Amino acid sequence: MRADDGMPFAVRVLTIFPEMFPGPVGRSLAGRALEDGLWSLETVDIRDFARDKHRSVDDTPFGGGAGMVMRPDVIGDALAAVSDAGAPLIYLSPRGRLLDQARVRALASGPGMSLLCGRFEGVDERVLEAHEIEEVSLGDFVLSGGEPAAIALIDACVRLLPGVVGQADSLAEESFADGLLEYPHYTRPREWRGRRVPDVLLSGHHERVREWRLAEAERSTRERRPDLWRRYRRKTEGDNDERD
Ligand code: SAH
């Protein structure tokens, strides 16, 4: 949990498409939290730092090849405008470290974050080096720009801020909270197209429900995500060793 210093979680986004924000995070839980001042959003239009009357931010790549590259001088000046924020500086990039819930949790417990959204082929390498920017990837696929990735990252962080999601329980049990995928959910009606809700969930027997959910979470993690399963097994075996 973040230190409750009364300051909102401050998000700054550097983009050539400021009108894309807040977009989806302006609605629902995140949108309400934004209105309530639990987090703040500032967009920085990278084009404001362009040097010519066409407001261009990109140029052709040295060494040739397709596409355009975002210029280090323009991006560097835009970054300087947010460098006082005292928050992690992140470039959304397919070359980055894969985002996971542990990183989201760490970010959400801090003061905020500044997010650089790339376009075209991406950003000149030197500006990434000079600012020691953390690169974060959403997954092994290529988006046409960093904006949808920034929105996903903002959403993942904001829902963890105290007071955003009504029931803290629903955060404690969800996927990745304990290294497992979540168990399956069911609601009314009890029977739908011949498919019945598992009896144990109707039993009112809380301990058996808990055991069933854990077994299901373990089963789906083992079947769907061998990588997570191996890590979980190592951790639970480690815990047992400590107890021995
Ligand atoms: N030429 C690059 C892709 C550039 S895509 C390459 O092959 O690696 C343009 C921009 O979209 C990137 O600068 C980045 O900000 C964003 N982007 C694309 N895929 C992403 C991903 N998987 N995660 C986060 N950001 C991504």
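Located above this text is the structure these notes cover.
Residues numbered from 1 in each chain as written. Predicted model: local features only at pLDDT ≥ 70, side-chain atom pairs only at ≥ 80, totals over all residues. Heavy atoms only, no water.

Overview of the site of the ligand
For clarity, the threshold we go by: The criterion for a residue being near a molecule or strand is simple. One of its heavy atoms has to lie within 4 Å of it. Between N or O atoms, a polar contact is any pair within 3.5 Å; within protein, one atom must be a potential hydrogen donor and the other a potential acceptor, and residues adjacent in sequence are included only when both atoms are from side chains. Residue-level accessible areas treat just the shown protein chains as cover; the underlying method is Shrake-Rupley with a 1.4 Å probe. Helix and strand definitions here come from DSSP, where helices need a minimum of 4 consecutive H or I residues and strands a minimum of 2 consecutive E residues; each element is numbered from the N-terminal end.
Near the ligand you find 19 residues, and of these Tyr 91, Leu 92, Glu 121, Phe 141 and Leu 143 are the closest. One nitrogen or oxygen atom from the main chain of Leu 92 is found 2.6 Å from an oxygen atom belonging to the ligand. Within the backbone of Leu 138, one N or O atom sits 3.0 Å away from a nitrogen atom of the ligand. Surface burial for the ligand is 85%, taken as the share of its 560 Å² of free accessible area covered by protein chains. Considering every element that reaches the shell around the ligand, the biggest residue donor is strand E5 (residues 89–98), with 4 residues.

Focus on the pairing of strand E1 (residues 9–15)
For a regular strand, side chains alternate in direction, first toward one face of the sheet and then toward the other. Basically, it comes down to this: Exposure categories follow from relative accessible area, calculated using a 1.4 Å probe and restricted to protein chains: below 20% of the type maximum is buried, above 50% is exposed, and the middle band is partly exposed. A pair of strands is considered paired only if DSSP assigns at least 2 bridges between the two. Handedness is read with the strands pointing away from the viewer; a crossover is right-handed when the path from the first strand over the helix to the second is clockwise.
Burial runs high along E1: 6 of the 7 residues are buried. Sheet topology note: the E1/strand E2 (residues 39–45) ladder contains 7 bridges and is parallel. The residue of E2 that forms the bridge with Ala 10 is Ser 40. Each parallel crossover has a hand, and for E1 linked through helix H1 (residues 28–35) to E2 it is right-handed. Strand direction decides the pairing type here: E1 and strand E6 (residues 112–117), joined by 5 bridges, are parallel. Among the inter-strand pairings, Arg 12 is bridged to a residue of E6, identified as Ser 114.

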